[in-house]
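# Observations on the three-dimensional arrangement
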Amino acid sequence: MIIDCHGHYTTAPPQHEQWRHQQIEAHSKSGQAPPRPSMSDDEIRQTIAGGQLRVQRERGTDLTIFSPRAAGMGHHLGDASTSQAWASACNELIHRVCKLFPRNFIGAGMLPQSPGVSPRNCIAELDRCVNEYGFVGVNLNPDPSGGYWTDPPLSDSYWYPVYEKLVELGVPAMIHVSHACNPAYHTTGSHYLNGDTTAFMQLMTSTVFRDFPDLKLIIPHGGGAVPYHWGRFRGLAQVMKLPDLREHLLKNIFFDTCVYHLPGQELLAKVIPVDNILFASEMIGAVPGVDPETGHNFDDTKRYVDQLPLSAADKAKIFEGNARRVFGRLTHQIERQSAMEPAGARS
Ligand SMILES: [Zn+2]
């Protein structure tokens, strides 16, 4: 089985995002958001059948761990209550996709974060995602301010309520920023990669994994700059008298393969142990085009992994085994959803 651990619902029916605009506009005028829009199963089905499901089939992947659009989380907009309503709407929509396509999509949630608001306020939604919706993971935004980094670093006990709950539920978090509102950053070109790199360094200089030895975090987009600069991080660890990074971090931190060219993927697999790499493509996402040098989509990352000089057993770890290990509830949820009849299926 080929499991893509990083996909977002970038093709949701337009009324979903329209409601978000209305909600934020109403909030700015101290008014009430309108009622949530209705979306039929058929509308949702069409956006998936012509989108992510089509791409799965074209590329020969089987299952996507599917979460709300990351740039759309917009935790810097509105306040804690608008974030709560928006996270709830987004997660419910992901749950509907998973019910319509139970063999192809398993959910991961977004959290109702808001800058300056304790992430303790995310616990109820996290619990609902896992226990009611059967989601197997969640995206955790290390910078809800959208590029100003006004909240404490991930090393701070500020975040511990979320870590405690993740460990209790046995689900990992993907560390994933959202839209950048700081004009210095391009959302997917620099803010995402900065977020990945910054999170790694915050965790490296922390006692988070001593305090939560079972916590598992995925750093997406190939780990930002981390694998490319692995020598710098190892050298800094030496200066700071930290343990060897494999011992210090790699029981808890994993990287995905959302690196959009073969040389980058080769470097990732050369530097980072195979046990810490999870297959992902983030299709249909920020880089949807075709690479004129290869004639294939930049985000068709399976092609790069296929070409790596690794054994079949190691590739199986990247494509499937590691995801099942890191997402502790995944195997059970695959069995559960495999037994489901797709919602609204016509006989
Ligand atoms: Zn993403």
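Quick look at the structure, then. The model shown is predicted, which means the values in this text are computed figures rather than measured ones.

## Concerning the overall build of the protein
From N to C terminus, the protein includes 14 helices and 10 strands. Relative to its length of 347 residues, the protein is compact, with a C-alpha radius of gyration of 19 Å against a globular reference of 20 Å. Taking all 347 residues of the protein together, the buried fraction comes to 53%. Once local pairs closer than 6 in sequence are excluded, the contacts in the protein between residues at least 24 apart make up 77%. For the protein, the accessible surface area stands at approximately 14,500 Å², while carbon and sulfur atoms represent 52% of it. The positive charge centre, built from 31 side chains, and the negative charge centre, built from 36, are 2 Å apart in the protein.

## A few points about the layout of surface pockets
Estimates place the volume of the largest pocket at around 570 Å³. Surrounding the largest pocket, 26 residues form its lining, Thr 188, Leu 193, His 221, Cys 258 and Tyr 260 being those nearest its centre. Considering each element in turn, the lining of the largest pocket owes the most residues, four residues, to helix H7 (residues 187-204). Here the lining of the largest pocket is composed, by residue class, of 14 nonpolar, 10 polar and two charged.

## What to know about the coordination of the zinc ion
Around the zinc ion, the protein contributes the donor atoms His 6 (NE2), His 8 (NE2), His 176 (NE2) and Glu 282 (OE), which lie 1.9 to 2.0 Å from the metal centre. Spacing between the donor residues of the zinc ion along their common chain follows H-x1-H-x167-H-x105-E. In this pair, His 8 is assigned in strand E1 (residues 3-9) and Glu 282 in the loop between strand E8 (277-278) and strand E9 (290-291), connecting sequence segments 274 residues apart. Comparing His 8 with Glu 282, the two get one shared label, buried.

## Points about the nonpolar core
Considering soluble globular proteins, one finds that nonpolar side chains tend to be buried as a cluster. Among the nonpolar cores identified, the biggest contains 47 residues, and Leu 140, Tyr 163, Phe 200 and Phe 255 are the most heavily contacted of them. By residue number, the principal contributor to this core is helix H6 (residues 160-169), which donates five residues. Contacts of Leu 140, omitting those with residues within four sequence positions, involve Leu 111, Gln 113, Leu 154, Trp 159, Val 162, Tyr 163, Ala 173, Met 174, Ile 175 and His 176. In this structure, Met 174, Ile 218, Leu 278 and Ile 334 belong to the second largest nonpolar core, which totals 19 residues.

## Quick notes on helix H13 (residues 312-326)
With 15 residues, H13 should cover 21 Å at 1.5 Å per step; its first-to-last C-alpha distance of 20 Å lies within 8% of that length. The largest bend in H13 amounts to roughly 55° and is located at Ile 318. Buried within H13 we find Lys 315, Ile 318, Phe 319, Asn 322, Ala 323 and Val 326.

## Topic: the packing of aromatic side chains
Inspection of the entire model under this criterion finds 13 aromatic pairs. An angle of 75° between the planes, with centres 6.2 Å apart, marks the rings of Phe 101 and Phe 105 as edge-to-face. Phe 105 carries the same exposure label as Phe 101, and that label is buried. Look at Phe 279 and Phe 319: their rings are 5.1 Å apart centre to centre, the planes differ by 65°, and that puts the pair in the edge-to-face class. Taken together, the residues span a long stretch of sequence, with Phe 279 in the loop between E8 and E9 and Phe 319 in helix H13 at a distance of 40 residues. Three or more aromatic residues joined by ring pairs form one cluster here, namely Tyr 9, Phe 66, Phe 101 and Phe 105.

## Here's the deal with empty space enclosed by the protein
Under the defined criterion, the tally for this structure stands at four cavities of 30 Å³ or more. Approximately 80 Å³ is the volume found for the largest cavity. Lining the largest cavity, in full, are Tyr 9, Ala 12, His 16, Glu 17, Pro 68, Arg 69, Gly 72, Met 73, Trp 86, Cys 90, Leu 93 and Ile 94. Ranked by residue count, the leading element in the lining of the largest cavity is helix H4 (residues 80-100), at four residues. Classifying every residue of the lining of the largest cavity gives eight nonpolar, two polar and two charged. Approximately 70 Å³ is the volume found for the second largest cavity. Looking at the lining of the second largest cavity, the elements that each hand over two or more residues are E1, strand E2 (63-68), strand E4 (137-140) and strand E5 (173-175).

## Here we look at the pairing of E4
Within a regular beta strand, the side chains point alternately toward one face of the sheet and then the other, so they alternate between its two faces. Of the two faces of E4, the one carrying Gly 137 and Asn 139 and the one carrying Val 138 and Leu 140 are both buried. Where strand E3 (residues 105-110) and E4 come together, three bridges link them in parallel fashion. In the strand pairing of E4, Gly 109 is matched with Val 138. With helix H5 (residues 123-131) bridging E3 and its parallel neighbour E4, the resulting β-α-β unit is right-handed.

## Describing the pairing of strand E7 (residues 253-256)
Burial along E7 is two-sided: the residues Ile 253 and Phe 255 and Phe 254 and Asp 256 are all buried. Here three bridges tie strand E6 (residues 217-219) to E7, and the two strands are oriented parallel to one another. By the bridge assignment for E7, Leu 217 is matched with Ile 253. Sheet topology note: the E7/E8 ladder contains two bridges and is parallel. Pairing of Phe 255 across the sheet is with Ile 277, part of E8. Crossover E7 to E8 through helix H11 (residues 262-271) is right-handed.

## Describing the packing of H4 against H5
Across the interface, H4 lies against H5 with an axial gap of 11 Å and an inter-helix angle of 5°. As the angle between them shows, H4 and H5 are arranged roughly parallel. From H4, Gln 84, Ala 87, Ser 88 and Asn 91 reach across to H5, where they touch Glu 125, Arg 128 and Cys 129.

Rules behind the numbers
- Residues numbered from 1 in each chain as written.
- Predicted model: local features only at pLDDT ≥ 70, side-chain atom pairs only at ≥ 80, totals over all residues.
- Heavy atoms only, no water.
- Helix = DSSP H or I, 4+ residues; strand = E, 2+ residues; numbered from the N terminus.
- Rg over C-alpha atoms; globule rule 2.2 N^0.38 Å.
- Buried < 20%, exposed > 50% of the residue type's maximum accessible area, 1.4 Å probe, protein only.
- Contact = heavy atoms within 4.5 Å.
- Areas by Shrake-Rupley, 256 points an atom, 1.4 Å probe, with all protein chains shown as cover.
- Lys, Arg positive; Asp, Glu negative; His and termini not counted.
- Charge placed at Lys NZ, Arg CZ, Asp CG, Glu CD.
- 1 Å grid on protein atoms, 1.4 Å probe; cavity = no way out; pocket = protein on both sides within 12 Å on 5 of 7 lines; lining within 4 Å.
- Points joined across faces, edges and corners; volume = space filled by probe spheres on them.
- Nonpolar A, V, L, I, M, F, W, Y, C, P; charged D, E, K, R; others polar.
- Donors = N, O, S within 2.8 Å, 3.2 Å for Na, K, Ca; no water.
- Core = buried A, V, L, I, M, F, W, Y, C linked by side-chain atoms within 4.5 Å.
- Expected span 1.5 Å × (residues − 1).
- Bend = angle between axes of the 7 residues up to and from the residue.
- Phe/Tyr/Trp six-rings, centres within 6.5 Å; stacked < 30°, edge-to-face > 60°.
- Pairing = 2+ DSSP bridges.
- Right-handed = clockwise from strand over helix to strand, strands pointing away.
- Axes fitted to C-alpha atoms, helices over the stretch in contact; angles between N-to-C directions.
- Parallel < 35°, antiparallel > 145°, perpendicular 65-115°, else oblique.

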